[in-house]
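Observations on the model geometry
What follows is each chain in one-letter form.
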Amino acid sequence: MPAADDQGVAEAASVTEPQPKEQQPERRPRRRIARKGHTENEPEFAQLHETGWQAGETPSLLDYAQTAAEPESQSLAALEPEPAAPEPEVIESAEPGIQEPRLWSDDAWTVRVIRDENGHGWAAEIQRSGDTEPALVCPWETDRDKNPKPLDGAAFDALVKAAADMRRRQELQLRAMLHKSVTVQTRSAVITVTLDIVPDEDDSHALLAAVDESGTQLAEVRVAPGFKLSQRTASAWVDSGYRKVERLN
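Presented here is a report on the structure given in the accompanying data block. Predicted, not measured: the structure shown is a model, and the values here were computed from it. Residue numbers run consecutively from 1 along every chain, following the written order of its sequence. Confidence filtering applies because this is a predicted model: local features only for residues at pLDDT of at least 70, side-chain atom pairs given and counted only at 80 or more, and all residues used for totals across whole chains, interfaces and linings. Think of the side-chain values as coming from all heavy atoms in the structure, minus any hydrogens and water.

**A few points about the overall build of the protein**
Note the following rule: In this description a helix means any DSSP run of H or I spanning at least four residues, a strand means any run of E spanning at least two, and both kinds are numbered starting from the N terminus. Note on contacts: a residue pair qualifies if any of its non-hydrogen atoms lie within 4.5 Å across the two residues.
Assigned secondary structure in the protein consists of five helices and nine strands. From first element to last, N terminus to C terminus, the protein shows the α and β order α-α-α-β-β-β-β-β-α-β-β-β-β-α. Considering only intrachain contacts with a sequence separation of at least 6, the fraction spanning at least 24 residues in the protein is 29%.

Structure below.
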């Protein structure tokens with residue numbers, strides 16, 4: 001009987017005891033390989049290969065996330081614009097001259113609103129810097145109360161332009177008065193005779209000169225400032241061999 005009992009216990013144990021499962025083969029993580037020509041996440045794969053995979057280790061998800069974040073931060077830093085260079089400081093210059101209702105000036109011209117010669121109206125006096133006399137004096141407008149209108153930038157520019165034109169005409173007229181020339185035809189050449197008056201308060205005089213066609217000066221003598229240059233006097237001087245002029249007038 002005891003033998004039968006032992007046999008029954010053994011059978012029961014064989015029925016109830018679970019059979020051990022077959023041991024499953026260990027799965028190795030699949031290695032991700034970037035395709036040729038595929039540039040996405042290349043810095044991440046290269047860095048993981050150098051650090052973990054080359055040593056036969058499998059990086060964790062945390063390691064992968066940290067590694068993948070580094071190139072992104074570096075790329076973002078590279079994309080950040082460089083600080084712009086400070087612009088040079090511009091110093092505004094003060095307004096030149098004076099700008100008042102009856103006095104307006106700059107570096108070259110001055111305009112004054114003054115009483116006219118009769119004392120019944122107003123006039124604008126325009127004078128160039130360095131000159132002793134005004135270049136132009138013209139009537140100036142008044143309001144209903146007979147007071148002069150204030151000067152402004154537009155009026156100043158217009159008055160200066162008129163004075164500059166007047167001054168230019170005066171210079172041309174003065175040059176025409178102080179410089180004269182005539183042409184003398186000789187047998188061998190064409191000679192130009194010029195007369196230049198030198199307005200000197202202490203030693204006023206004139207210079208009579210002869211120049212050929214090439215511009216070479218042939219002669220020059222000093223004459224009185226009242227010398228009258230004409231075709232006759234010029235020809236007489238050339239025919240005399242450019243002698244000293246005494247009584248050619």
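**Some points on the environment of Ile114**
For Ile114, the position within the fold is in strand S3 (residues 109-115). It is 9.5 Å that separates the C-alpha atoms of Ile114 and Pro139, two residues lying 25 residues apart in sequence. Residues contacting Ile114, with those up to four places away along its chain left out, are Gly121, Trp122, Ala123 and Glu125.

**Focus: the packing of aromatic side chains**
What counts, and what does not: Side-chain rings of Phe, Tyr and Trp (the six-membered ring for Trp) are treated as a pair once their centres are within 6.5 Å; stacked means planes under 30 degrees apart, edge-to-face means over 60, and tilted covers the remaining angles. Any residue under 20% of the maximum accessible area for its type is buried, any over 50% is exposed, and the rest in between are partly exposed; the area is computed with a 1.4 Å probe on protein chains only.
If you walk through the whole model with that rule in mind, you get two aromatic pairs. Here Trp104 and Phe156 contribute two aromatic rings whose centre-to-centre distance is 6.4 Å and whose plane-to-plane angle is 35°, an arrangement assigned as tilted. On the criterion of sequence distance, the pair formed by Trp104 in strand S2 (residues 103-105) and Phe156 in helix H4 (residues 153-178) is long-range, its members being 52 residues apart. The residues Trp104 and Phe156 share a single accessibility class, namely buried. The interplanar angle of 75° and the centroid separation of 5.2 Å between the aromatic rings of Trp237 and Tyr242 together place this pair among those described as edge-to-face. Here Trp237 falls in the buried class, since its relative accessible area comes to 0%.

**What to know about the sheet that holds strand S7 (residues 190-198)**
Sheets are built from strands that pair by backbone hydrogen bonding, the pairs being arranged parallel or antiparallel. Here is the rule: Any two strands with at least two DSSP-identified bridges between them are counted as paired. Lines fitted to C-alpha atoms define the axes here, with helix axes fitted over just the stretch in contact, and angles between the N-to-C directions of these axes take values from 0 to 180 degrees.
Within the open sheet, the four strands sit side by side as S6-S7-S8-S9. Their pairing is antiparallel. Where the open sheet ends on each side, the last strands, each with one partner, are strand S6 (179-185) and strand S9 (217-223). Neighbour-to-neighbour, the strand axes of the sheet open up by a mean angle of 15°, direction not taken into account. In terms of strand pairing, strand S8 (residues 205-211) meets S9 through six bridges, oriented antiparallel. In the sheet register, Ala210 faces S9, and the bridge partner there is Ala219.

**A word on the sheet that holds strand S5 (residues 136-139)**
Spatially, five strands are ordered S1-S2-S3-S4-S5 in an open sheet, and the strand pairing comes out antiparallel. Pairing within the sheet leaves two strands with one partner each, and these edge strands are strand S1 (99-100) and S5. Pairing of S1 with S2 involves two bridges; the strand directions are antiparallel. Note that in S2 the partner of Glu100 across the bridge is Leu103. Running at roughly 100° to S3, H4 makes contact with S2, S3, strand S4 (122-128) and S5 of the sheet.

**Some details on the pairing of S7**
Pairing between S6 and S7: seven bridges, direction antiparallel. When the sheet's bridge partners are listed, Thr183 is paired in S7 with Thr192. In this antiparallel pair of consecutive strands, S6 and S7, the connection spans four residues. Examined bridge by bridge, S7 and S8 share seven bridges and lie antiparallel to one another. Among the inter-strand pairings, Thr192 is bridged to a residue of S8, identified as Val211.

**A closer look at unusual backbone geometry**
The phi angle at Lys146 is positive, at roughly 65°, despite the residue not being glycine. Looking at the element boundaries, Lys146 is found in the loop between S5 and H4. Judged by relative accessible area, which is 62%, Lys146 ranks as exposed. Its identity is not glycine, yet Tyr242 carries a phi of approximately 60°, on the positive side. For Tyr242, the position within the fold is in the segment after helix H5 (231-239). For Tyr242, a relative accessible area of 22% gives the class partly exposed.

So, to be careful, I would describe these as geometric facts and stop short of saying anything about function.
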